[in-house]
Amino acid sequence: MRDEIRRNMPLFSIGIVTKLTELTPRQVRYYEQQELIKPSRTSGNQRLFSFNDVDRLLHIKSLMEKGINIAGVKEMLSGKKAESEAQAAATAPAQKPDMSDAELRKLLKRQLTELTARPNQNHLIRGELSRFFH
DNA sequence: GTTCTTACA
DNA sequence: TGTAAGGA
């Protein structure tokens, strides 16, 4: 499908992107550093974002607004198979404040496993953990 | 006028 | 993250 080439076609300057996403240039550049996006450059070193980049930034923005840190966002977007699992783990708690204890324990167990495997995703679950020690 | 990189209150 | 400096 050549729709892909259109979505990945570098078209927007950082100025347009910031207006489209409501993000500051600082944030956009920072996310690029974190390799969350990979805009191409013009011959003059100016960043050129594709529709996909904008879409990605919007996704990142929504994730950040849910209180997810860069590390977490990174794993969700860059991760291949870890994506759905990580996103579900991070999103579900925020959307289901009244989750049953059974569900919560199940979630906690899974996240505890994640914790030992990836220490940096720590505060992604810290909030949930506190709910257990009330 | 816009964007770029580096660096620091 | 914001912002200033110095260039392109």
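The sections below set out a description of the structure shown in this document. (Residues numbered from 1 in each chain as written. Chains lettered and ligands numbered in written order. Predicted model: local features only at pLDDT ≥ 70, side-chain atom pairs only at ≥ 80, totals over all residues. Heavy atoms only, no water.)

Turning our attention to the protein's contact with DNA strand C. Contacts to DNA strand C come from Thr24, Arg26, Gln27 and Tyr31. Measuring from a base oxygen of DNA strand C, one finds a side-chain N or O atom of arginine 26 at 2.8 Å. The contact in question runs from a phosphate oxygen of DNA strand C to an N or O atom on the side chain of glutamine 27, over 2.6 Å. By residue class, the composition of the surface near DNA strand C is 1 nonpolar, 2 polar and 1 charged. (Near = heavy atom within 4 Å. Polar contact = N/O pair within 3.5 Å; in protein donor to acceptor, adjacent residues only side chain to side chain. Nonpolar A, V, L, I, M, F, W, Y, C, P; charged D, E, K, R; others polar.)

Under the criterion given, the structure shown has 1 aromatic pair. Seen in terms of ring centroids, tyrosine 30 and tyrosine 31 are 6.2 Å apart; in terms of plane orientation they differ by 55°. Their pairing is tilted. You can call tyrosine 30 partly exposed: its relative accessible area is 32%. A relative accessible area of 3% means that tyrosine 31 is categorised as buried. (Phe/Tyr/Trp six-rings, centres within 6.5 Å; stacked < 30°, edge-to-face > 60°. Buried < 20%, exposed > 50% of the residue type's maximum accessible area, 1.4 Å probe, protein only.)

Glancing now at unusual backbone geometry. Non-glycine residue glutamate 22 carries a positive phi angle of around 70°. Checked against the element boundaries, glutamate 22 lands in the loop between helix H2 (14–21) and helix H3 (25–33). With a phi angle near 60°, glutamate 35 is a residue other than glycine that sits in the positive phi range. Position of glutamate 35 relative to the elements: it lies in the loop between H3 and strand E1 (40–41). (Helix = DSSP H or I, 4+ residues; strand = E, 2+ residues; numbered from the N terminus.)

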